[in-house]
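# Understanding the architecture of this molecule
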Amino acid sequence: MNMAQWLERTAVMSPTAPALFHGTQLVTDYAGFRARAAALGTALRAQGIAPGDRVAIFMKNCPDYLIVLYGIWYAGAVAVPINAKLHAKEAGWIIENSEAEIAFVTPDPGAGLNDACPVMTLDVTSPEYGAMLQGEGDAPRTRGPDDLAWLFYTSGTTGRPKGVQITHGMLTATSLCYPLDVDPVAPEDGAFYAAPMSHGAGLYAPIHVRMGARHICPASGGFDSAELLETACALGPLSLFMAPTMVRRLTDEAVRQGADGTGIKTIVYGGGPMYRTDIEEAVAHFGPRFVQIYGQGECPMGISALSRDEVADRSHPRWRERLVSVGRAQSGVEIAIAGPDGQPLLPGEMGEIIVRGAPVMPSYWRDSNATAKALRDGWLMTGDIGSLDADGYLTLQDRSKDVIISGGTNIYPREIEDVLLTHPEVHECAVVGRASAEWGEDVVAFIVRHPGKGVEPDALDALCLAEIARFKRPKEYRFVAELPKNNYGKVLKTDLRQMLEEED
Ligand code: AMP
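To keep things clear, this report deals only with the structure shown in the data block. (Residues numbered from 1 in each chain as written. Predicted model: local features only at pLDDT ≥ 70, side-chain atom pairs only at ≥ 80, totals over all residues. Heavy atoms only, no water.)

## Remarks on the environment of A139
Put simply, the rule reads: Segments assigned H or I by DSSP are reported as helices when at least four residues long, segments assigned E as strands when at least two residues long, and all are numbered from the N terminus. Contact criterion: two residues are considered in contact whenever any of their non-hydrogen atoms come within 4.5 Å of each other.
Assignment of secondary structure puts A139 in the loop between helix 7 (127-132) and strand 7 (148-154). C-alpha of A139 to C-alpha of A38: the two residues are 101 residues apart in sequence and 6.8 Å apart in space. Leaving out residues up to four positions away in the same chain, A139 has contacts with E8, R34, R45 and Y74.

Dropping the structure here:
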């Protein structure tokens, strides 16, 4: 089934139901949403886009994001959403790797894209784009459950992102788990897009389309606590996905304003570890409005969930223990813990978290080596270390990789190290995360200069700004005489992290 069928269905059943909002302004109802997306699909076909072709979306959050996403699906094509915060060079690499034929852009992220990679860009503020929404739209092209719907680029520890293949079947499965395991959706609800639509927040759009709910893109295009509190008062009930650091910022702002969160129905949090004190304070302030999910690109939003009651019910004897877990398996998957030999471990034993079920990817995009490492005997090896208790609650202990999670976004140290090492005065470097109350983790770079050289942070910062997204560049540069290494000459990042921890 093509995911666009859910939009067809809702447009027939509830044509006048309000669909897309920009801030508090209604942009269109479901009949209008369907008409524009279908017309765009037909226009894409007229431009030669065939089923299975890739079309990139390098856009900030806005109502046209959903029109473009569904337009691509009407044409039977594959959406390649790219985080609008990425550098044009990084986005260009993804476009090249996915062999996207066209890239839809909003003005800011789109700037510089064509210098990085020659691709036909369509600015959604241009008259050309407006004309594509005008025609008579055809029904969605037929797609099967194994056909690709979305190529989700997740970063790899090797520095280059990998394309997770998300099929229409996976999207259907993960969407159906939302009302079962996360939160029921009613037509009067509004999905509020505070986090990037290229990631988890966007993956929650289909179930809200299916239920005829509203979609609200903040006028700021991103996350602003005060704007969210205000919009919720005006347009609630709202549901939204937030990274743990966003929850912290929202609580601080609500406490400062004396706002009680009126109009916020549900905040789904996940994507990185949540500090226990932060969620306790959030629930104490806002009440039972929080649900946690654990997922990864390879099983998007779909591994486990900790329900609203489990997060909020302080009277439960095991409340605190469960609060620091990531909940139980969602309905679409089985979770197990594997030992070093791949054999299942017993409750309480710690090992690699492995997952199988309908929302798990079939493979990475054109990367059989990475696929062979990630998928074994039908199980997805998540690379996360954790344990299950006898009741099936999963607790994440650590990340097996060295990924830094800052503001809910994964930052892969190797990518930054590769850039820093291009500086002629940098001899060696190692990038690690340091705990930060505001962002979860901050990026810190340890640098060994070449003998007699005196490169300073300003020059390294300028180099990073030219090559990678702003949010990835180190918050601090430490100049050291040498890096701690093991007998094989491998840098001991654990020692560096420990050093930073001890200083704290
Ligand atoms: P990504 O593929 O970018 O979505 O990153 C997925 C990774 O984020 C997972 O493999 C975990 O390491 C981490 N993660 C996701 N959700 C949670 C959560 N609820 N608690 C702790 N870590 C999480």
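## Considerations on the site of the ligand
Rules: Throughout, near means a residue has at least one heavy atom within 4 Å of the molecule or strand. Whenever a nitrogen or oxygen atom comes within 3.5 Å of another N or O atom, the pair is scored as a polar contact, on the condition that within protein one atom can donate a hydrogen and the other can accept it, and that pairs from neighbouring residues in sequence are kept only if both atoms are in side chains. Only the protein chains shown count as cover for residues, and the accessible areas themselves come from Shrake-Rupley with a 1.4 Å probe.
Neighbouring residues of the ligand: 17 residues in total, closest Q292, I293, Q296, G297 and D384. Measuring from a nitrogen atom of the ligand, one finds a backbone N or O atom of G271 at 3.0 Å. At 2.6 Å from an oxygen atom of the ligand is found a side-chain nitrogen or oxygen belonging to D384. Relative to its unbound accessible surface of 500 Å², the ligand loses 87% to contact with the protein. Those elements that provide at least two residues to the shell around the ligand are strand 13 (290-296) and strand 20 (394-399).

## Comments concerning the sheet that holds strand 25 (residues 476-479)
How we decide: Strand pairing is assigned whenever DSSP identifies at least 2 bridges connecting the two strands. Orientation is described by axes fitted as lines to C-alpha atoms, over the contacting stretch for helices, and by angles from 0 to 180 degrees between their N-to-C directions.
Read from one edge of the open sheet, 3 strands run 23-24-25, paired in mixed fashion. A single partner strand is all that each edge strand has here, and the edge strands are strand 23 (426-436) and strand 25. Mean inter-strand twist for the sheet, computed between neighbouring axes without regard to direction, equals 25 degrees. Contacting strand 23, strand 24 (440-449) and strand 25, helix 18 (residues 457-467) crosses the sheet at an angle of about 130 degrees to strand 25.

## Focus: the sheet that holds strand 13
Strand order in the open sheet formed by 9 strands is 2-1-10-9-11-12-13-14-15, with mixed pairing between adjacent strands. Two strands bound the open sheet, and with one partner strand each, they are strand 2 (25-29) and strand 15 (328-329). The sheet contact formed by strand 1 (residues 18-22) and strand 2 spans 4 bridges and is antiparallel. For L20, the partnering residue across the bridge sits in strand 2 and is T28. Together, strand 1, strand 2 and strand 10 (214-217) form the strand contacts of helix 2 (residues 30-46), whose direction differs from that of strand 2 by roughly 65 degrees.

## Focus on the packing of helix 2 against helix 3 (residues 63-74)
We apply this condition: Angle categories are assigned with fixed cut-offs, so that under 35 degrees is roughly parallel, over 145 is roughly antiparallel, 65 to 115 is roughly perpendicular, and the rest are oblique. Left-handed is the label given to a crossing in which the near helix is rotated counterclockwise from the far helix by less than a right angle, and right-handed is the label when the rotation is clockwise. Classification convention: Asp, Glu, Lys, Arg as charged; Ala, Val, Leu, Ile, Met, Phe, Trp, Tyr, Cys, Pro as nonpolar; all other residues, Gly among them, as polar.
Closest axis-to-axis distance for the helix 2/helix 3 pair is 7 Å, and the angle between their directions is 50 degrees. One element, helix 2, and the other, helix 3, form an angle in the oblique class. As for the relative orientation of helix 2 and helix 3, their crossing is right-handed in sense. Where helix 2 abuts helix 3, its residues F33, R34, R36, A37, A38, L40, G41 and L44 lie against L66, I67, V68, Y70, G71, I72 and Y74. Tallied by class, the residues present in the contact of helix 2 with helix 3 amount to 11 nonpolar, 2 polar and 2 charged.

## What about the environment of R473?
Note the following rule: Each residue's exposure class comes from its accessible area (1.4 Å probe, protein chains only) as a fraction of the maximum for that residue type: buried when under 20%, exposed when over 50%, partly exposed otherwise.
Within the secondary structure, R473 sits in the loop between helix 18 and strand 25. What makes R473 partly exposed here is its relative accessible area of 22%. Separated by 405 residues in sequence, R473 and V68 place their C-alpha atoms 31 Å apart. With near-sequence residues (within four places) excluded, R473 lies in contact with V443, D461, C464 and L465.

## Some points on the pairing of strand 12 (residues 264-269)
Stated formally: For crossovers, right-handed means that the path from the first strand over the helix to the second runs clockwise, given strands pointing away from the viewer.
Along strand 12, 5 of the 6 residues are buried, which leaves the element largely enclosed by surrounding structure. Bridge analysis of strand 11 (residues 238-242) against strand 12 gives 5 bridges, and the strand direction is parallel. Across the sheet, the residue bridging to L240 is I267, located in strand 12. For the segment spanning strand 11, helix 12 (residues 244-257) and strand 12, crossover handedness is right-handed. Here 3 bridges tie strand 12 to strand 13, and the two strands are oriented parallel to one another. Each bridged residue has a counterpart across the sheet, and for Y269 the counterpart in strand 13 is Q292.

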